[in-house]
Amino acid sequence: HNNWEYAHDLATAGFPGMLTAPRDVSLVNDDGRISLVQQPSPEVLESLGAAVGLSDASAGLIVPEVAWVELELTTPHGWLHIGHHTLQWLDDKVVLTRAPLLGRTPEKRVTAPLRPGLERLSVGLLIDRGSLEIFLDGGRTCLASLALGEVGPRALAWQGQVAGARLRHAM
């Protein structure tokens, strides 16, 4: 989770960089098209405890400092906010925008493809003290971003209908 454009600035602030969480990688056949799928390793998720269903998460919730959140969104376009990050999706692409961090990094914007024609978008968020990892469409699209300076519980809000929400977090 570093970028050479500002890595030296973060190093002088006491942050030397970090790696993403361990992932399991596999291939799936999507109607004759092979896709690479990534998910956090089961050991990572198990370290966060049992998953708890959230029945009252209609438009947002407060998530702990370290957590795994799963959402099943039924809207073909929308947005999701968590901390300094905004994730927007429209049909066949997602855009992740991160506000400047600690006054040392510029705004960051990353675009990634989604499978066209999805009626539901599964979103997995691995939230940590220094990073945010996003797993979309069952892990077919993955994004990672620094989340420095974001300590304590964070508000998670979204636009769109939710078919299901689950949370795991360290006690």
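Counting restarts for each chain: residues are numbered from 1 in the order of the written sequence. Under the rules for a predicted model, residues below a pLDDT of 70 receive no local features and side-chain atom pairs below 80 are neither given nor counted, while totals for whole chains, interfaces and linings still include all residues. Side-chain numbers here rest on the full set of heavy atoms in the structure, without hydrogens or water.

Asker: Is there a simple way to think about the overall build of the protein in this case?
Answerer: The numbering of helices and of strands both runs from the N terminus, where a helix is a DSSP run of H or I of at least 4 residues and a strand a run of E of at least 2. Tallying secondary structure elements over the protein gives two helices and 14 strands in all. We call a residue buried when its accessible area falls under 20% of the maximum for its residue type, exposed when it is over 50%, and partly exposed in between, using a 1.4 Å probe and counting protein chains only. Counting every position in the protein, which comprises 171 residues, the buried fraction comes to 40%. Taking contacts inside the protein between residues at least 6 apart in sequence as the whole, the part at least 24 apart equals 61%. In this description, accessible areas are obtained by the Shrake-Rupley approach with a 1.4 Å probe, and a residue is regarded as covered only by the protein chains that are shown. A total accessible area of about 9000 Å² is found for the protein, and carbon and sulfur atoms account for 53% of it. In what follows, a contact means two residues having at least one pair of non-hydrogen atoms within 4.5 Å.

Asker: Looking at this structure, I do not really get the nonpolar core. What am I missing?
Answerer: A general trend in soluble globular proteins is that nonpolar side chains are found buried together. Within the largest apolar cluster, 26 residues are counted, with the highest numbers of intra-cluster contacts made by Leu71, Leu80, Leu87, Leu125 and Leu156. What leucine 87 contacts, discounting residues up to four positions off in sequence, is Gly78, Trp79, Leu80, Val94, Val95, Leu96, Ile134, Leu136 and Leu143. Definition of nonpolar core: a set of buried residues of the types Ala, Val, Leu, Ile, Met, Phe, Trp, Tyr and Cys, connected through side-chain atoms within 4.5 Å.

Asker: Just checking my understanding: could you explain the pairing of strand S13 (residues 154-158) for this structure?
Answerer: Across a regular strand the side chains alternate sides, sitting on one face of the sheet and then on the other. Here S13 shows one buried face, formed by Arg154, Leu156 and Trp158, and one open face, formed by Ala155 and Ala157. In this description, strands pair whenever DSSP reports at least two bridges between them. Alignment of strand S4 (residues 60-63) against S13, held across four bridges, turns out to be antiparallel. Bridge pairing in S13 places valine 63 opposite arginine 154. Bridge count between strand S6 (residues 77-82) and S13: three bridges; the pairing is antiparallel. Counterpart to isoleucine 82 in the pairing with S13 is leucine 156.

Asker: I tried to follow the side chain of threonine 86 on my own but got confused; where do I start?
Answerer: Following the sequence through the fold, threonine 86 ends up in strand S7 (residues 85-90). Side-chain atoms alone can form a polar contact between residues adjacent in sequence; in general such a contact is a pair of N or O atoms within 3.5 Å, and within protein one must be able to donate a hydrogen while the other accepts it. Within the structure, threonine 86 has its side chain in polar contact with the side chain of histidine 81 (distance 2.8 Å). With sequence-adjacent residues up to four places away left out, threonine 86 is seen in contact with Leu80, His81, Val95, Leu96 and Thr97.

Asker: I tried to follow the pattern of salt bridges on my own but got confused; where do I start?
Answerer: Any two side chains of opposite charge can pair, given that their charged atoms come close. What makes a salt bridge here is a side-chain nitrogen of Lys or Arg within 4 Å of a carboxyl oxygen of Asp or Glu, nothing more. Counted by the stated rule, this structure contains eight salt bridges. Arginine 140 is paired through a salt bridge with aspartate 137; the nearest N and O atoms lie 3.6 Å apart. Given a relative accessible area of 6%, aspartate 137 falls into the buried group. Within the structure, one salt-bridge network assembled from shared partners comprises Asp30, Arg115, Asp137 and Arg140.

Asker: What should I look at first to understand the pairing of strand S8 (residues 93-98) in this one?
Answerer: Within S8, five of the six residues are buried, which leaves it mostly tucked inside the rest of the structure. Across six bridges, the pairing between S7 and S8 is antiparallel. Looking at S8, one finds that histidine 85 is bridged to arginine 98. Taking the residues between adjacent antiparallel strands as the criterion, S7 and S8 are bridged by two residues, where aspartate 91 takes a positive phi near 55°. Here six bridges tie S8 to strand S9 (residues 108-113), and the two strands are oriented antiparallel to one another.

Everything listed is a geometric property; what it means functionally is a separate question.
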